[in-house]
Amino acid sequence: MEQIFLKENERIDDLQCKGLKIIQNTEGFCFGMDAVLLSSFCDVKKGSTVVDMGTGTGIIPLLVWGKNHVKKIYGLEIQKEVAEMASRSISMNKLEENIEILNIDLKDAPDILGVNKYDVVTSNPPYMNSGGGLINPDDRKAISRHEIRTSLEDVIKTASRLLRHNGSFFLVHRPNRIVDILCLLRQYKLEPKRLRFVHPKVGEKPNLVLIKSVKASRPELKFEKPLYVYNDDGTYTDEIYDIYGMNKPE
């Protein structure tokens, strides 16, 4: 068996999908449920070309590839160390021909990858405004969570430039940014088509929103039924088990 090189504080996790595995750093930024939910929310057609902006560990490209017969996925990651770790995950899964990790600023993606040519763009971007607080601009977790190196507008503007006519943009974000999101999507000719709120449990307010928009499409937004993560007793709901591809405990 081929030797897998791991650095300090790294581990290999099984993604429970087509035998895929991923390298994560326990001291850095591991992927969360939001990335898994976004991957499941994406309806990607066979043979599509995909760009994932702010790919982090590479979780979204791996899951999108595992669940769909896509042609090629590019994962964009501005942090060199994180991009290198994601690249090792791709190599570990022998997917170098299918998934390519690029250590670039997403704002440079149109110049490097080309414009108006991709079928799907995905993003699980930083949720928090920098807000004037004291944030270490070199901190990996801060860069992943706060709009330090990129903004919501940068993400949406770049998605629009990359997508072909009628291409789809899939985004996961916080519900408190929904007005900003919808206004920016329309501003950059991305028409919101599907929206789904994610709630911790029934009766609690949503803490995530999943949005699909289509470039240069006609207006018509469909609200999907809420996704609940936990039952009242604290166990995962059946839908969460289905999304994760796990068997529900007896």
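See the structure above.
Residues numbered from 1 in each chain as written. Predicted model: local features only at pLDDT ≥ 70, side-chain atom pairs only at ≥ 80, totals over all residues. Heavy atoms only, no water.

**Focus on the packing of helix H6 (residues 152-162) against helix H7 (residues 178-187)**
Next up, step 1: Viewed as axis vectors pointing N to C, H6 and H7 meet at an angle of 35°, and their least axial separation amounts to 9 Å. Here the hand of the crossing between H6 and H7 comes out right-handed. From H6, Leu152, Glu153 and Ile156 reach across to H7, where they touch Asp180, Ile181, Leu184, Leu185 and Gln187.
Next up, step 2: Class assignment of the residues belonging to the contact of H6 with H7 gives a composition of 5 nonpolar, 1 polar and 2 charged. (Axes fitted to C-alpha atoms, helices over the stretch in contact; angles between N-to-C directions. Helix = DSSP H or I, 4+ residues; strand = E, 2+ residues; numbered from the N terminus. Left-handed = near helix turned anticlockwise from the far one by under 90°. Contact = heavy atoms within 4.5 Å. Nonpolar A, V, L, I, M, F, W, Y, C, P; charged D, E, K, R; others polar.)

**Thoughts on the packing of aromatic side chains**
Next up, step 1: Using the criterion set out here, one finds 4 aromatic pairs in the structure.
Next up, step 2: Here the aromatic rings of tyrosine 74 and tyrosine 118 are separated by 6.1 Å at their centres, their planes lie at 85°, and the arrangement is edge-to-face. Here tyrosine 118 lies in strand E6 (residues 118-123) and tyrosine 74 lies in strand E4 (residues 72-76), a separation of 44 residues in the sequence.
Next up, step 3: A residue is classified by how much of its surface remains accessible, and tyrosine 118, at 4% relative accessible area, is buried.
Next up, step 4: Residues tyrosine 236 and tyrosine 241 carry aromatic rings whose centres are separated by 6.0 Å and whose planes lie at 90° to one another, so their mutual orientation is edge-to-face.
Next up, step 5: By relative accessible area, which is 32% here, tyrosine 236 ends up partly exposed.
Next up, step 6: A relative accessible area of 12% places tyrosine 241 in the buried class. (Phe/Tyr/Trp six-rings, centres within 6.5 Å; stacked < 30°, edge-to-face > 60°. Buried < 20%, exposed > 50% of the residue type's maximum accessible area, 1.4 Å probe, protein only.)

**Here we look at the pattern of salt bridges**
Next up, step 1: The full count for this structure, using the stated rule, is 14 salt bridges.
Next up, step 2: Notably, a salt bridge pairs glutamate 239 with arginine 196, separated by 2.9 Å at the nearest N-O pair. On the criterion of sequence distance, the pair formed by glutamate 239 in helix H8 (residues 238-244) and arginine 196 in strand E8 (residues 190-199) is long-range, its members being 43 residues apart.
Next up, step 3: Residue class for glutamate 239 comes out partly exposed when judged on its relative accessible area of 28%.
Next up, step 4: The buried category is assigned to arginine 196, whose relative accessible area is 10%.
Next up, step 5: Residues joined in a network through salt bridges with shared partners are Lys7, Glu10, Glu84 and Arg88. (Salt bridge = Lys/Arg side-chain N within 4 Å of Asp/Glu carboxyl O.)

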